[in-house]
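Chain residues, written in single-letter form:
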Amino acid sequence: MTRRSECLALALAVFAVCAAWWAHALPPGVETVLADSRARWSALSGPQRAQVAARAQAWDALAPMERARQRGRYQSWRALDESQRAQLRAAAQAFAALPPEEQARLRTLYAQQDVSQQHGWELGPELGADWPRLQPLFAYVPEDQRAMLLALLRQSDATQRDDLAALAQRIPPRERASFLQALLEIEPARRGDWLHRRRSQ
């Protein structure tokens with residue numbers, strides 16, 4: 001056996017040991033995801049695999065900040081319910097049907113918006129429309145509260161969001177943290193009345 005063959009045999013042996021270790025170390029959910037991915041890849045035709053490879057190369061070529069931005073958008077999409085996704089699909093189809101000059105005009109209008117307002121639209125059509133008024137209260141919150149507050153906003157109806165928007169303009173910055181903490185502690189069934197009373201004070 002040549003030196004090259006010995007090295008290759010050693011590499012394959014190490015790979016086999018690592019593969020066996022990973023097979024036992026991976027949680028069942030991850031094993032399922034990997035098996036599903038392998039099955040989907042096997043089902044692709046040659047041209048489809050080439051398209052996937054091209055998309056992977058395009059992704060690798062993106063700057064880290066752009067990849068992070070796109071990951072954030074994908075996570076926002078996954079957080080939407082199906083009715084909101086349907087609204088966005090319809091909006092995308094309507095946008096695609098517009099003349100190129102109108103598309104360019106709308107892209108320019110979007111680009112001229114504040115970055116926080118652009119991020120607000122990533123929360124979906126309902127929260128996106130309300131975000132400019134909600135932003136003072138919710139744009140800068142502690143990391144450990146962000147997911148809970150976003151879930152709370154998604155559960156809120158239009159009246160509750162209107163009350164929150166009115167309060168966002170009145171609550172001084174130094175009092176926002178305590179207000180949000182109190183908001184999180186209110187039972188969902190009582191939240192609407194609590195917000196209405198706070199707005200009426």
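Here is what the cut-offs are and how they apply
- Residues numbered from 1 in each chain as written.
- Predicted model: local features only at pLDDT ≥ 70, side-chain atom pairs only at ≥ 80, totals over all residues.
- Heavy atoms only, no water.
- Helix = DSSP H or I, 4+ residues; strand = E, 2+ residues; numbered from the N terminus.
- Buried < 20%, exposed > 50% of the residue type's maximum accessible area, 1.4 Å probe, protein only.
- Contact = heavy atoms within 4.5 Å.
- Areas by Shrake-Rupley, 256 points an atom, 1.4 Å probe, with all protein chains shown as cover.
- Salt bridge = Lys/Arg side-chain N within 4 Å of Asp/Glu carboxyl O.
- Axes fitted to C-alpha atoms, helices over the stretch in contact; angles between N-to-C directions.
- Left-handed = near helix turned anticlockwise from the far one by under 90°.
- Phe/Tyr/Trp six-rings, centres within 6.5 Å; stacked < 30°, edge-to-face > 60°.
- pLDDT = per-residue confidence, 0-100.
- Arc of directions from axis to C-beta.

Enquirer: So what exactly am I meant to see when it comes to the overall build of the chain here?
Expert: The helix and strand inventory of the chain stands at 12 helices and 0 strands. Buried residues in the chain amount to 21% of all 201 residues. Contacts in the chain between residues at least 24 apart in sequence constitute 53% of all its contacts with a sequence separation of at least 6. For the chain, the accessible surface area stands at approximately 14,200 Å², while carbon and sulfur atoms represent 60% of it.

Enquirer: Looking at this structure, I do not really get the environment of Ser-200. What am I missing?
Expert: Structurally, Ser-200 is set in helix H12 (residues 188-200). Overall, the relative accessible area of 53% leaves Ser-200 in the exposed class. Ser-200 sits 33 residues away from Leu-167 along the chain, and the two C-alpha atoms are 9.7 Å apart.

Enquirer: I would appreciate a short explanation of the pattern of salt bridges in the present structure.
Expert: Opposite charge on two side chains permits pairing when their charged atoms draw close. A full pass over the atoms with the stated rule returns 9 salt bridges. Across the pair Glu-66 and Arg-69 runs a salt bridge, and its minimum N-O distance is 2.4 Å. Residue Glu-66 and its partner Arg-69 are located together in helix H4 (residues 64-79), separated by 3 residues, close to a single helical turn. Under the relative-accessibility criterion, Glu-66 is labelled partly exposed at 21%. Residue Arg-69 is classed as partly exposed on the basis of its relative accessible area, which comes to 35%.

Enquirer: Would you mind going over the packing of helix H10 (residues 158-170) against H12 with me for this structure?
Expert: With their axes 9 Å apart at the nearest point, H10 and H12 run at an angle of 35 degrees to one another. Seen from above, H10 lies across H12 with left-handed handedness. Here Gln-160, Asp-162, Asp-163, Leu-164, Ala-166, Leu-167 and Arg-170 of H10 lie close against H12, whose contacting residues are Gly-192, Leu-195, His-196, Arg-198 and Arg-199.

Enquirer: Even after reading the chapter, I still don't get the packing of aromatic side chains, so can you show me in this structure?
Expert: Applying the stated criterion across every chain, the model contains 1 aromatic pair. Arranged with centres 5.5 Å apart and planes meeting at 25 degrees, the rings of Phe-179 and Trp-194 form a pair that is stacked. Taken together, the residues Phe-179 in helix H11 (residues 173-185) and Trp-194 in helix H12 connect sequence positions 15 residues apart. Judged by relative accessible area, which is 2%, Phe-179 ranks as buried.

Enquirer: Mind showing me how you'd approach the confidence of the model for the chain here?
Expert: One rule of thumb: low pLDDT means the predicted coordinates there are not for detailed reading. Averaged over all residues, the pLDDT of the chain equals 81, while 85% of them reach at least 70. Across residues 3-23, where pLDDT falls below 50, the model places 2 contacts with residues more than four positions away in sequence or in other chains.

Enquirer: I would appreciate a short explanation of helix H9 (residues 143-155) in the present structure.
Expert: Note on helix geometry: an α-helix contains 3.6 residues per turn, so any two residues three or four positions apart are oriented the same way. Looking only at H9, the buried set comprises Gln-145, Leu-149, Leu-152 and Leu-153. What you see down the axis of H9 is that its buried residues fit within an arc of 95 degrees, all on one side. Turned more than 90 degrees from where H9 packs its buried face, Glu-143, Ala-147 and Gln-155 sit exposed. Residues of H9 that are buried in the fold lie against helix H8 (125-138), H10, H11 and H12.

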